[in-house]
Amino acid sequence: MPTAEGKKFLGVAEGQADSATLEHASLLPATPQGGFTFDQIHRYFTSRLANERLPRAKQVSAHCPFHPDDHVSLSINMERGLWKCHGCSAHGGMLGFERQRFPDLSPEEARHSMYLAAGAELPKQRRRLINTYRYVSATGILLYEKLRYDPKGFGYRRPGEHGSWFFDLVGVNKVPYRLPELITGNLVFVVEGERDADNLTEFLKAYQQEHSEIRIAVTTSCDGAGDGKWLAGYNPFFSGKTVVCMPDNDEVGKRFAQQVAEGVSQFADSVHILALPGLESKGDVTDWIGAGHTVGDFFALLKDARPFTGSVAEGGAVELANPFDNGSDTWPEPMSESAFYGLAGDFVRLMEPETEADRQALR
Ligand SMILES: [Zn+2]
């Protein structure tokens, strides 16, 4: 805590700070003045006041860089990193000093350069939640959410009581993304990641609205692409459907699409692999859409999609019919009621919360 002397030195009441410091307080460690050591503070001000000789003392004076200063009006507290000019009344902490010294820098740039000048390690930025992806049961009840952070990172949470969250997946049955649409869909795309699933759904929205005979679903696994990330429990949901696997343009993506195709081919009517042409390395369907392609382009590619010919569990090769290569624009029939209440339906019922209390908790 600041002493009375410190408060007088600051020229402000306790708890106040200059606006720059306040504005970025959340970016700084909680310890006073960013937790800088005496050496770091001294190094910082020595670097920023290159023409001054700053003794290694608790309290030093220097010429103020913020006004024409014939005296040494600037007081610096080297233990706390605080400064005040008795000539122009400028004052603040190290970040405030940096921003006033280099007004063209963005707040984040100023923070970086301040740490650099102090010879201090830049603390890890607090991660920011930028997106939540809802994983729901067949009837739309929330099972869990995948959380996307910036800088890039992922987490999970499941609903607890009274709007609280458990930040884990304990006791959760993982399901494919956008499950209700997957269950009612007859043309299903499997992409890598929720962002791609949302973007492709949006991209095909107008087409979907004009073609009620086709029910498009776009799904993905909550674990991303990679060996073992596609769970066997997802496969029955693809019963009776036309499935198109769309790998990202890298080796992991291609291998993963192959694994998904193998899994769902035990249940699906037909399985295809559509590798979008013209993607850069690691490019995905979001990039392809972003490049300005049209829905017409998309369906033209779809008609040439490679039918998946893989092995079933028993090891026998299966040829899967390609409904797109018969020269017509015929699309798959809507899935029958029996298919809905078949394997996938049984599976869906298993996923539902059992009791009314569960429902309340999830609501
Ligand atoms: Zn001054």
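Since this is a predicted model, take the numbers as computed values, not measurements.

1. A short note on the coordination of the zinc ion
Now for step 1: Within the protein, the atoms that donate to the zinc ion are Cys-64 (SG), His-67 (ND1), Cys-85 (SG) and Cys-88 (SG), at distances of 2.1 to 2.3 Å.
Now for step 2: Classification of the site at the zinc ion rests on its four donor atoms, whose angles at the metal span 104 to 120 degrees, yielding the label tetrahedral.
Now for step 3: Here the donor residues of the zinc ion are spaced in sequence according to C-x2-H-x17-C-x2-C. A residue pair is termed long-range when its members are at least 10 positions apart, and His-67 in the loop between strand 1 (59–62) and strand 2 (74–77) and Cys-85 in strand 3 (residues 82–85) qualify at 18 residues.

2. As for the nonpolar core
Now for step 1: The biggest cluster of nonpolar side chains holds 52 residues, and the ones touching the most others in it are Phe-189, Leu-200, Ile-216, Phe-238, Met-246 and Phe-298.
Now for step 2: Top contributing element to this core by residue count: helix 9 (residues 251–264), with five residues.
Now for step 3: One finds Leu-49, Leu-54, Ala-62 and Cys-85 within the second-largest nonpolar core, a separate group that totals 25 residues.

3. Here's the deal with the pairing of strand 5 (residues 128–136)
Now for step 1: Note that strand 5 and strand 6 (residues 142–150) share eight bridges and pair antiparallel. Across the sheet, residue Leu-129 finds its bridge partner in strand 6, namely Tyr-149.
Now for step 2: The turn linking strand 5 back onto strand 6 is made up of five residues, and Gly-140 within it adopts a positive phi angle of 90 degrees.

4. Observations regarding the sheet that holds strand 13 (residues 306–307)
Now for step 1: Spatial ordering of the open sheet is given by 10-9-11-12-13, a layout of five strands whose pairing is mixed. Looking at which strands have only one partner, the edges of the open sheet turn out to be strand 10 (216–219) and strand 13.
Now for step 2: The pairing of strand 9 (residues 187–190) with strand 10 spans four bridges and is parallel. Its bridge partner lying in strand 10, Val-188 is registered against Ala-217.

5. Examining the side chain of Asn-186
Now for step 1: As for its placement among the helices and strands, Asn-186 is situated in the loop between helix 6 (179–184) and strand 9.
Now for step 2: With a relative accessible area of 1%, Asn-186 lands in the buried category.
Now for step 3: Separated by 3.3 Å, the side chain of Asn-186 and the backbone oxygen of Glu-213 make a polar contact.

6. Quick word on unusual backbone geometry
Now for step 1: At Arg-178, a residue that is not glycine, the phi angle is positive and equals roughly 60 degrees.
Now for step 2: Relative to the elements of secondary structure, Arg-178 occurs in the loop between strand 8 (165–166) and helix 6.

7. Quick word on the packing of helix 4 (residues 94–101) against helix 5 (residues 107–118)
Now for step 1: For the pair helix 4 and helix 5, interaxial distance at closest approach is 9 Å and the crossing angle is 110 degrees. Viewed along their axes, helix 4 and helix 5 adopt a mutual orientation that is roughly perpendicular. Seen along the crossing, helix 4 lies across helix 5 with a hand that is right-handed. Side by side, helix 4 and helix 5 meet where Met-94, Leu-95, Glu-98 and Arg-99 of the first sit next to Pro-107, Ala-110, Arg-111, Ser-113, Met-114 and Ala-118 of the second.

What counts and how
Residues numbered from 1 in each chain as written. Predicted model: local features only at pLDDT ≥ 70, side-chain atom pairs only at ≥ 80, totals over all residues. Heavy atoms only, no water. Donors = N, O, S within 2.8 Å, 3.2 Å for Na, K, Ca; no water. Tetrahedral: all angles 85-135°; square planar, octahedral: opposite > 155°, others 65-115°. Helix = DSSP H or I, 4+ residues; strand = E, 2+ residues; numbered from the N terminus. Core = buried A, V, L, I, M, F, W, Y, C linked by side-chain atoms within 4.5 Å. Buried < 20%, exposed > 50% of the residue type's maximum accessible area, 1.4 Å probe, protein only. Pairing = 2+ DSSP bridges. Polar contact = N/O pair within 3.5 Å; in protein donor to acceptor, adjacent residues only side chain to side chain. Axes fitted to C-alpha atoms, helices over the stretch in contact; angles between N-to-C directions. Parallel < 35°, antiparallel > 145°, perpendicular 65-115°, else oblique. Left-handed = near helix turned anticlockwise from the far one by under 90°. Contact = heavy atoms within 4.5 Å.

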